[in-house]
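# Structure assessment
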Amino acid sequence: MNSVQRVHTALRLGQPDRVPVLEFVLDEKVARAAVPGCRDAADCMDRLDMDAVGCGAYFAKVRDLPDGSYVDEWGVVYKSGPEVVAHPLRGPIRTLADARAYTPPDPAAPHRLGKLPDLVARYKGRRAICFHHRAAFMWSAYLTGIDQLLMNLLAEPELAVLVMDKVLACNLEVVRRAIRAGAEVIVLGDDYASNHGPMMSPAVFAEFLLPRLKRMIDLIHEEGALCVKHSDGNLYPLLEMIVSAGPDGLNPIEPVAGMELAEAKRRVGDRVCLVGNIDCARLLPYGTPEEVRQAVRQAIADGGPGGGFILSSSNSIHSSCKGENVVAMVKACHEFGRYKG
């Protein structure tokens, strides 16, 4: 099998020739440490013989603010930091009138697909092409503030629904265009939980978030692509509902949040491919290559039997991860991940 076949087979719950290994986000500094002289993160992934490359939508900076923060096309104020994803400080929506007047970014803007056209030109047919985006929740949280959005779901649902539906409409069109431009796997990055459990009750999730998640996943499948649902945190109370929405993969099965790969395999591994879960909070930044190697071996033992498993970090390869540990993770997957027969 080549990398594309390997990833597609695993996401369809099949057993490929070996466990695929991929990352959706890889910090450029870490990429250069892992593979000196690499052109960019995608080149690093390719040279390490990872099975996919990926990027996300691009929303441009529209103005800088005096305190060093900036505003993007969503109208959200961010503070730049060392990570690929900047930290949101505040959004433009406070009231129902704000929500009614708000217009999301143009999903068809020429720059919207970011690096995707370049990745398709370089790797289509050799590596699975991933595109990370979102459905309705997190950008709505950026627009209103996450605490406010969660309160609005209970106290002012008309406002919350209006914001989420505007966000979803924009994101549906971005994803549609990404698939038609060559993306094969859409990674939906809305986070629903912290380490201690979901940010909302299962009832609120079922009423407000699940239908919008399902609408996005349905569109992805209608367009002929595969979907990986990403959410950090302890998802056990929401697990069955998330799987019922129909994603092909679930990521990252975060160990520091109490998510165990073997338990997730037992609960839902017959219905969704598990994508994870090498610890990027402690192990990849502070561990040794041998510790990483043993963690990969255990993850494959827990998630790999029968197929339907892809190895990755437990969130992303962020700026604190060691390049040598990224190399150790990939090499260990190649070593331990081969299926017999």
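Residues numbered from 1 in each chain as written. Predicted model: local features only at pLDDT ≥ 70, side-chain atom pairs only at ≥ 80, totals over all residues. Heavy atoms only, no water.

### Digging into the packing of helix α11 (residues 261-268) against helix α13 (residues 289-303)
Between α11 and α13, whose axes approach to 8 Å, the crossing angle comes to 15 degrees. Here α13 runs roughly parallel to α11, going by the angle between their axes. Seen along the crossing, α11 lies across α13 with a hand that is right-handed. Of α13, the residues touching α11 (which contributes Leu261, Ala262 and Lys265) are Ala299, Asp302 and Gly303. (Axes fitted to C-alpha atoms, helices over the stretch in contact; angles between N-to-C directions. Helix = DSSP H or I, 4+ residues; strand = E, 2+ residues; numbered from the N terminus. Parallel < 35°, antiparallel > 145°, perpendicular 65-115°, else oblique. Left-handed = near helix turned anticlockwise from the far one by under 90°. Contact = heavy atoms within 4.5 Å.)

### Comments concerning the packing of aromatic side chains
Scanning all chains against the criterion turns up 7 aromatic pairs. Here Arg267 stacks its cationic end above the ring of Tyr236, 4.2 Å away from the centre of that ring. (Phe/Tyr/Trp six-rings, centres within 6.5 Å; stacked < 30°, edge-to-face > 60°. Lys NZ or Arg CZ within 6 Å of the ring centre and 35° of its normal.)

### Considering the environment of Tyr339
Position of Tyr339 among the secondary structure elements: in the segment after α14 (323-336). Considering only alpha carbons, one finds Tyr339 and Asp17, 322 residues apart in sequence, at a separation of 5.6 Å. Excluding residues that lie within four positions of it along the chain, Tyr339 makes contacts with Gln15, Pro16, Asp17, Arg18, Val19, Gly304, Gly306 and Gly307.

### Brief notes about the sheet that holds strand β6 (residues 128-133)
Consider a sheet: its strands pair through backbone hydrogen bonds, and that pairing is either parallel or antiparallel. The 7 strands are arranged β1-β6-β7-β10-β11-β12-β13 in an open sheet whose pairing can be described as parallel. Of all the strands in the sheet, just β1 (52-56) and β13 (309-313) have a single pairing partner and so form its edges. Across the sheet, the axes of successive neighbouring strands diverge by a mean angle of 25 degrees, strand direction being ignored. Direction of pairing for strand β11 (residues 249-251) relative to strand β12 (residues 273-278): parallel, over a ladder of 2 bridges. Directly across from Leu250, in β12, lies its bridge partner Leu274. In the packing of helix α1 (residues 3-11) onto the sheet, contacts are made with β6, β7 (185-188), β10 (226-230), β11, β12 and β13, and the angle to β13 comes to roughly 110 degrees. Across the sheet, α11 is in contact with β12 and β13; its angle to β12 comes to roughly 170 degrees. (Pairing = 2+ DSSP bridges.)

### Comments concerning the sheet that holds strand β5 (residues 87-90)
Judged by pairing direction, the sheet is antiparallel, and its 4 strands sit side by side in the order β2-β3-β4-β5 without closing on themselves. Looking at the sheet topology across the chains shown, the edges are occupied by β2 (61-64) and β5. When the angles between neighbouring strand axes are averaged without regard to direction, this sheet yields 40 degrees. Where strand β3 (residues 70-72) lies against strand β4 (residues 77-79), 2 bridges are found, and the strand directions are antiparallel. Note that in β4 the partner of Val71 across the bridge is Val77.

### So, the pairing of β7
Both faces of β7 are covered, namely the face carrying Val185 and Val187 and the face carrying Ile186 and Leu188. Where β7 meets β10, 4 bridges bridge the pair, whose relative direction is parallel. Bridged to Leu188 within β10 is Lys229. (Buried < 20%, exposed > 50% of the residue type's maximum accessible area, 1.4 Å probe, protein only.)

### Observations regarding the pattern of salt bridges
According to the stated counting rule, one finds 27 salt bridges in the structure shown. In this structure, Asp43 and Arg47 form a salt bridge, with 3.1 Å as the shortest nitrogen-oxygen distance. Taken together, the residues Asp43 and Arg47, both in helix α3 (residues 41-47) and 4 residues apart, mark about one turn of the helix. Arg126 serves as the salt-bridge partner of Asp46, at 3.0 Å between the closest nitrogen and oxygen. With a gap of 80 residues between them, Asp46 in helix α3 and Arg126 in the loop between α5 (116-123) and β6 connect regions that are remote in the sequence. For Asp46, a relative accessible area of 15% puts it in the buried group. With a relative accessible area of 41%, Arg126 lands in the partly exposed category. Overlapping salt bridges bring together Arg6, Asp17, Arg18, Asp51 and Arg338 as one network. (Salt bridge = Lys/Arg side-chain N within 4 Å of Asp/Glu carboxyl O.)

### Some points on unusual backbone geometry
Cis geometry marks the peptide bond from Asn251 to Pro252, where omega comes out at 5 degrees. Relative to the elements of secondary structure, Pro252 occurs in the loop between β11 and α11. Looking along the chain, the bond that leaves Gly276 and enters Asn277 is cis, with omega of -15 degrees. Mapped onto the elements, Asn277 comes out in strand β12. Even without glycine at this site, Leu13 takes up a positive phi of about 70 degrees. Among the structural elements, Leu13 can be located in the loop between α1 and α2 (28-34).

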